[in-house]
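# Examination of the molecular architecture
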Amino acid sequence: MYSTLDRPRRTNLVSEGFIYMGEEEHKITVKNLSISGVLAQLNTDREDIDIKYVFNQLLVSTVIDLYLPEMRLVGDVEVVRGDMEEGHILLALEFKNIAFDIDKDLNKRKVYRKNMPDSGKILLNGQYYNFTSVNVSVDGLMICLPEAIAVEVGTITRFEFKRLELEGEIKMIWGDLISEGRTLIGLQYVHLDKNALKKIPRFSQQQTAAL
C-alpha cells in the first residue's frame, strides 16, 4: 500500500523507539525513513490496542511525540495515515517539530524534555513575573524571563502554567543571565495541585536501555 504513494525517497531500516499517544507510551519499530517522516510499526500485545484505538486517539490530536534514541531524534510528528498490514498496525508519521542533532547530553537525561514555548507566571521577590517556557518534562521545566532577575538556587516558590493546567510549588535549580538582559531558569516540581502530567511522556533512560 505505502509503496504506491507519492512521497520523498525513503530508506529502509530497522530502528526501535517510542511514541506517546493516548496519554501512554508505546514501543515502535521504524520500517523506513525519509526527510519528511517515518513509517513505524506499533508494537503491542494488548488486545485493546487496535486500529480503532489509534483512530479514536487521533480524534483528540493527530500530533504526537516521537523518540528514536538510536538515531538521536526527538520531537513532534503528525500521524497522517494508519493501516493494518499482516496483523500489525502501521503508522505514517510526518515530522513537525523534530531535533536531529540533539546535544551530547541527551542520553544522560533521566527523562524526555518537550519543547513547548508558552506563557506562564512565577512568584519571585514577592511579585508575579510573566515567563515563556522553553521546554517541559515530567520533572520540571525551563523558563525564560524577559528581564534580568537574581535567582537564588534552592528557593521554593509558586508558579502557574496554563498550557498544561499546572500550578503549585516549584524549586529553582539554576539560573543564568542571557542575551538582551533576559534570565533563563531551570525549575523542578515540588508540589503540584494537579496529580499527574498526562500530556508529557517520560521516555526514560531505563526504556532506552531495554531496547
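Fair warning: this is a prediction, and the values are worked out from it, not measured in the lab.

As for its placement among the helices and strands, Ser15 is situated in strand E1 (residues 11-21). For the pair Ser15 and Leu33, spaced 18 residues apart in the sequence, the C-alpha separation amounts to 9.8 Å. A polar atom in the side chain of Ser15 sits 3.2 Å from the side chain of Glu70.

Below, the discussion takes up the environment of Gly168. Relative to the assigned elements, Gly168 resides in strand E12 (residues 166-178). Residue classification places Gly168 among the buried residues on the basis of a relative accessible area of 0%. Counting along the chain gives 46 residues from Gly168 to Ile122, while the straight-line C-alpha distance between them is 9.9 Å.

So, on to the side chain of Ser133. With respect to the element layout, Ser133 can be found in strand E9 (residues 127-136). Among the polar contacts listed, one links the side chain of Ser133 to the backbone oxygen of Met116, at a separation of 2.3 Å. Sequence-distant contacts of Ser133, that is, excluding residues within four places in its chain, are made with Met116, Pro117, Asp118, Leu141, Met142, Ile143 and Phe161.

On to the nonpolar core, then. Core analysis: the largest hydrophobic core is formed by 24 residues, its most contacted members being Leu141, Phe159 and Tyr189. Listed by contribution, the elements that provide at least two residues to this core are strand E8 (119-124), E9, strand E10 (140-145), strand E11 (156-161), E12 and strand E13 (182-192). In terms of residue count, the dominant contributor to this core is E13 (four residues). Setting aside anything within four residues of it in sequence, one finds Phe159 in contact with Lys121, Ile122, Leu141, Leu166, Glu167, Gly168, Glu169, Ile170, Tyr189 and Leu192. Core analysis: the next-biggest nonpolar cluster, separate from the first, contains 22 residues, Leu42, Ile49, Val54 and Val79 among them.

The rules behind these values
Residues numbered from 1 in each chain as written. Predicted model: local features only at pLDDT ≥ 70, side-chain atom pairs only at ≥ 80, totals over all residues. Heavy atoms only, no water. Helix = DSSP H or I, 4+ residues; strand = E, 2+ residues; numbered from the N terminus. Polar contact = N/O pair within 3.5 Å; in protein donor to acceptor, adjacent residues only side chain to side chain. Buried < 20%, exposed > 50% of the residue type's maximum accessible area, 1.4 Å probe, protein only. Contact = heavy atoms within 4.5 Å. Core = buried A, V, L, I, M, F, W, Y, C linked by side-chain atoms within 4.5 Å.

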